[in-house]
Each structure stands twice: as C-alpha cells, then as structure tokens.
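# Descriptive structure summary
For reference, the chains in residue letters:
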Amino acid sequence: MADKEDIIVYRRIETSLGQLIVASHSSDIIMCRWADAPRNGYILERIAGHLSAEIAGGSSEAIESAEQAIRQYLENGATLPEISIRLLGTPLQLSVWEALRGIPCGTTATYSSIAQAVGRPDAVRAVAAAIGMNPIEIIIPCHRVISVSGALTGYAGGIDRKRELLNLESSHHSTIL
C-alpha cells in the first residue's frame with residue numbers, strides 16, 4: 001500500500017445541479033469537476049502523474065469540507081469560504097486559473113479580459129483552452145467567463161449549468177454601479 005501522501009482520494013458528490021467528482025491529495029482539493037464534463041479521467045491522471053500518486057475511491061477531510069461549502073453555495077448563492085486547493089499545470093494555465101479566482105461572485109469577465117489580465121492579450125484561444133482545463137470548477141469560477149458578445153459559451157459542465165450558476169449568483173449578489 002502506498003504512503004498516504006502518495007494517494008489521491010476521489011468521491012462523487014450529488015448536488016442539485018448534478019454529480020461532481022471531487023478529489024484530494026493530502027489536505028488539498030486537486031479536482032472538482034462535473035461528472036459529465038469531458039476529459040475528467042485525463043485531468044485526474046495528469047495530476048496523479050505530476051504527484052507520482054495512486055488514485056483511489058474514498059473520502060477525506062478536505063473532500064468533506066469542500067462538499068459542505070459547495071452545498072451551501074448551491075443552496076443559497078453564498079460566496080464559497082476559502083478552500084485549500086493545489087493546482088498543477090503549465091505557467092499559462094496557473095496564471096489563468098489564478099485570474100479566474102479574482103472574478104467576484106455575481107459578476108462576469110470575458111475571455112479577452114482574462115487574456116489581458118494574464119499579460120497575453122493576443123492569446124485568447126490559449127486562455128480559453130486553459131479555462132477549459134480548469135481542474136477545480138465552482139471553486140475556481142470558470143462559469144463566470146463569457147464571450148465578448150455576452151453569450152454563454154464554453155463551459156465543461158454545459159451551458160445550462162453555467163446559466164444556472166450565474167443566475168444563482170446574480171440573485172444573491174448584485175453589483176451597484
């Protein structure tokens with residue numbers, strides 16, 4: 001049996017919007033994606049390779065804490081409390097994911113504004129690809145990114161779910177201009 005530090009634990013969580021797969025390593029969440037999103041297996045295997053860790057079903061304190069926070073968010077649009085996460089990716093992916101964390105609840109940003117925020121204004125497609133590889137949906141709010149026209153596009157959890165999340169947030173958080 002591998003050392004506890006060499007194990008990634010994952011569990012499926014039922015929510016009002018569908019099933020999430022949440023995975024942890026040590027005390028950090030390393031993946032939280034809709035179970036029906038594409039590339040979940042690839043993303044988890046890539047993370048396991050980076051960590052030289054085995055993958056096993058189960059639960060952990062980190063998963064239990066994340067589940068409670070996500071349920072509270074989905075029930076009442078509450079801003080998520082700080083959840084300990086660990087991100088593994090390319091320098092561009094890491095900068096994009098960090099920029100996503102800066103989008104306030106109840107607001108949106110465009111793909112081009114994220115590209116500008118990470119210093120890559122001509123790399124909108126690469127930024128969009130990095131957003132699509134976000135391993136920690138909801139906690140890293142990629143659902144808050146929309147096209148420059150205002151259209152809801154490109155969410156691994158599906159456009160209907162993206163709309164539901166944005167509606168949930170907008171009904172509880174209003175921006176006063």
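In what follows, the accompanying structure is described. Fair warning: this is a prediction, and the values are worked out from it, not measured in the lab. Residue numbering note: each chain is counted from 1, following its sequence as written. Under the rules for a predicted model, residues below a pLDDT of 70 receive no local features and side-chain atom pairs below 80 are neither given nor counted, while totals for whole chains, interfaces and linings still include all residues. Heavy atoms from the whole structure form the basis of all side-chain values; hydrogens and water molecules are not counted.

## Section: the nonpolar core
One finds I8, I29, V96, L100, I114 and I139 to be the most contacted residues of the largest nonpolar core, which totals 57 residues. No other element matches helix α2 (residues 61-76), which puts seven residues into this core. Every residue pair with non-hydrogen atoms within 4.5 Å of one another is taken to be in contact. Not counting the four nearest positions on each side in its chain, V96 is found in contact with I114, V118, V127, A130 and I131. Side-chain atoms within 4.5 Å are what join buried Ala, Val, Leu, Ile, Met, Phe, Trp, Tyr and Cys residues into a set we call a nonpolar core. Under the scheme applied here, a residue whose accessible area is under 20% of the maximum for its type counts as buried, over 50% as exposed, and between as partly exposed, the area being computed with a 1.4 Å probe on protein chains only. By the criteria applied, helices consist of DSSP H or I runs no shorter than four residues and strands consist of E runs no shorter than two, each listed in order from the N terminus.

## Examining the environment of S16
Along the chain, the position of S16 falls in the loop between β1 (7-15) and β2 (18-25). With 70 residues separating them in the primary sequence, S16 and R86 have C-alpha atoms 26 Å apart.

## Side note on the pairing of β2
Among the eight residues of β2, six are classified as buried, and the element is accordingly described as predominantly covered. When DSSP finds two or more bridges between two strands, those strands count as paired. Where β1 lies against β2, eight bridges are found, and the strand directions are antiparallel. Its bridge partner being in β2, T15 is matched across the sheet by G18. Counting the residues between successive antiparallel strands, the hairpin from β1 to β2 contains two residues. The sheet contact formed by β2 and strand β3 (residues 28-34) spans six bridges and is antiparallel.

## Comments concerning helix α6 (residues 159-172)
Relative to the 20 Å expected for 14 residues at 1.5 Å per residue, α6 spans 20 Å between its end C-alpha atoms, a close match to the ideal helical length. Those residues of α6 that sit buried are R161, K162, L165, L166, L168 and E169. Down the axis of α6, the buried side of the element spans an arc of 155°, and every buried residue falls inside it. Of the exposed residues in α6, the ones pointing more than 90 degrees away from its buried face are D160 and S171. Along its buried surface, α6 packs onto β2, β3, α2, α4 (111-117) and β6 (145-146). Every helix has an expected span of 1.5 Å times one less than the residues it contains. Note that the arc is defined by the directions from the helix axis to the C-beta atoms.

## Re the sheet that holds β3
A sheet is described by the order of its strands in space; here four strands give the open sequence β3-β2-β1-β4, paired in mixed fashion. Both edges of this open sheet fall to β3 and β4 (54-57), since each of them pairs with a single strand only. Looking at each pair of strands side by side, their axes are set apart by 25° on average, direction ignored. Note on geometry: axes are C-alpha line fits, over the in-contact stretch for helices, and angles between N-to-C directions span 0 to 180 degrees.

## What to know about the packing of aromatic side chains
For Phe, Tyr and Trp, rings pair up if their centres lie within 6.5 Å, where Trp contributes its six-membered ring, and each pair is then called stacked (planes under 30 degrees apart), edge-to-face (over 60) or tilted (otherwise). Enumeration over the complete set of coordinates arrives at zero aromatic pairs. For a Lys NZ or an Arg CZ to count as sitting over a ring, it must be within 6 Å of the ring centre and within 35 degrees of the ring normal. Seen from the ring of W34, R161 lies directly overhead, with NZ or CZ sitting 4.2 Å from the centre.

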